[in-house]
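Breakdown of the fold
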Amino acid sequence: MNPESRKAHPIAPAELARRWADTVAEARGSHTTGGPDPAPYADSLLARWAEPQRRYHTVAHLTAVLERIDELAGHADDLPVVQLAAWFHDAVYRPDRSENEERSAALAERALPELGIGAARTAEVARLVRLTVTHDPSPDDPDGEVLCDADLAVLGGSPDDYAAYAAAVREEYAFVPDPDFAAGRAAVLRQLLALPRLFRTPLAYDRWEHTARRNLATELELLTG
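Residues numbered from 1 in each chain as written. Predicted model: local features only at pLDDT ≥ 70, side-chain atom pairs only at ≥ 80, totals over all residues. Heavy atoms only, no water.

1. Observations concerning helix α9 (residues 178-194)
Between its first and last C-alpha atoms α9 spans 24 Å; for 17 residues at 1.5 Å apiece the expected length is 24 Å, and the two agree. Listed as buried for α9 are Phe 181, Ala 182, Arg 185, Ala 186, Leu 189 and Leu 192. Projected down its long axis, α9 carries its buried residues within an arc of 125°, all on one side. Among the exposed residues of α9, those pointing more than 90 degrees away from its buried face are Pro 179, Gln 191 and Ala 194. Lining the buried residues of α9 we find α8 (159-172) and α10 (202-224). (Helix = DSSP H or I, 4+ residues; strand = E, 2+ residues; numbered from the N terminus. Expected span 1.5 Å × (residues − 1). Buried < 20%, exposed > 50% of the residue type's maximum accessible area, 1.4 Å probe, protein only. Arc of directions from axis to C-beta. Contact = heavy atoms within 4.5 Å.)

Structure, rendered in structure tokens:
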């Protein structure tokens, strides 16, 4: 199974907005009645994911992460929280800045209470967004494992899909000279390859670990060879 194809099965914005509304309703819980219309929040988030500086961190990536979360849902403890974290995890994205995850988490902390989502779930969404800085959840963090595995699933794609992913990342950093990009990217690849496991959930590990390591090693060789 191809974990993330940038061309396959695109989801229309209306369908994504419907998914967002369903997730917000689940996260609000049965004890919450009414609340603001979630549609404008979906529009705002989707506009963020469609900003022109993005080449990989696009609506296609958001869609792929949500689909991978669907596949890994059985491992999650609080699925609506993981889904909300996916919506926010790269909602703020500037490739020339290093605080994207923190700003994305802060956006969630502002928006979710407005939508009628409780403090505990809001805090958990923000924690999960911040976890995507390291993609290193603890063994007792099933929701963190699901989000991080879904976000990294692109690494386990076919050679062509992985090459498209790597090219899109390079396009996002087009302002960085080739030697500097190669050095920085190689450091990221080595950091990933040094992890005992890239994927923490059993399903993701079985499906994507071997292929992801092969893809990462191939890219590293191309950058440094």
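2. As for α10
Its 23 residues give α10 an end-to-end C-alpha distance of 32 Å, which sits within 8% of 33 Å, the value for a rise of 1.5 Å per residue. Where α10 bends most, the angle comes to about 50°, and this point is Trp 208. Within the span of α10, buried status applies to Ala 204, Trp 208, Glu 209, Thr 211, Ala 212, Asn 215, Leu 216, Glu 219 and Leu 220. (Bend = angle between axes of the 7 residues up to and from the residue.)

3. Let's talk about the environment of Ala 126
Along the polypeptide, Ala 126 turns up in helix α6 (residues 119-131). The class of Ala 126 is buried, set by a relative accessible area of 0%. As a C-alpha pair, Ala 126 and Arg 103 span 23 residues in sequence and 9.9 Å in three-dimensional space. Excluding residues that lie within four positions of it along the chain, Ala 126 makes contacts with Ala 105 and Glu 109.

4. Observations regarding the confidence of the model for the chain
Overall, the predicted model of the chain reaches an average pLDDT of 94, with 94% of residues at or above 70. Throughout residues 4-8 the model reports pLDDT below 50, and contacts reaching past four residues in sequence, or to other chains, amount to eleven contacts. (pLDDT = per-residue confidence, 0-100.)

5. Examining the pattern of salt bridges
Enumeration over the complete set of coordinates arrives at 18 salt bridges. Between Asp 96 and Arg 94 there is a salt bridge, with its nearest N and O atoms 3.2 Å apart. Judged by its relative accessible area of 44%, Asp 96 falls in the partly exposed class. Accessibility expressed as a relative area gives 32% for Arg 94, which makes it partly exposed. (Salt bridge = Lys/Arg side-chain N within 4 Å of Asp/Glu carboxyl O.)

6. Quick word on the packing of aromatic side chains
Applying the stated criterion to the full structure yields seven aromatic pairs. Note on Tyr 162 and Tyr 165: the rings are 5.3 Å apart at their centroids and 65° apart in plane angle, and the pair reads as edge-to-face. Of this pair, Tyr 162 and Tyr 165 are both found in helix α8, three residues apart, which corresponds to roughly one turn of the helix. Each residue in the set Trp 20, Trp 87 and Phe 88 is aromatic and connected to the rest through ring pairs, giving one cluster. Above the face of the Phe 181 ring, Arg 170 is positioned so that its terminal group lies 4.3 Å from the ring centre. Stacked on the ring of Tyr 205, the Lys or Arg Arg 197 has its end atom at 4.0 Å from the ring centre. (Phe/Tyr/Trp six-rings, centres within 6.5 Å; stacked < 30°, edge-to-face > 60°. Lys NZ or Arg CZ within 6 Å of the ring centre and 35° of its normal.)

7. Description of the packing of α8 against α10
The contact between α8 and α10 brings their axes to 11 Å, and the two run at 55°. Compared by their axis directions, α8 and α10 come out oblique. In the packing of α8 onto α10, the handedness of the crossing is right-handed. Contacts from Pro 159, Tyr 162 and Ala 166 in α8 reach Asn 215, Leu 216 and Glu 219 in α10. In terms of residue class, the contact of α8 with α10 is built from four nonpolar, one polar and one charged. (Axes fitted to C-alpha atoms, helices over the stretch in contact; angles between N-to-C directions. Parallel < 35°, antiparallel > 145°, perpendicular 65-115°, else oblique. Left-handed = near helix turned anticlockwise from the far one by under 90°. Nonpolar A, V, L, I, M, F, W, Y, C, P; charged D, E, K, R; others polar.)

8. Topic: the environment of Thr 224
With respect to the helices and strands, Thr 224 occurs in helix α10. Classification of Thr 224 by relative accessible area gives partly exposed; the value is 45%. Residues Thr 224 and Ala 182, 42 residues apart in the sequence, show an inter-C-alpha distance of 7.6 Å. Not counting chain neighbours up to four residues away, the residues in contact with Thr 224 comprise Ala 186 and Arg 190. Side-chain polar atoms of Thr 224 contact the backbone oxygen of Leu 220, separated by 2.7 Å. (Polar contact = N/O pair within 3.5 Å; in protein donor to acceptor, adjacent residues only side chain to side chain.)

9. Some remarks on the nonpolar core
Nonpolar side chains tend to gather and get buried jointly when the protein is soluble and globular. Of all hydrophobic cores here, the largest spans 63 residues; its most connected members are Trp 20, Trp 87, Phe 88, Val 125 and Leu 155. Here this core gets seven residues from one element, more than from any other, and that element is helix α4 (residues 79-88). (Core = buried A, V, L, I, M, F, W, Y, C linked by side-chain atoms within 4.5 Å.)

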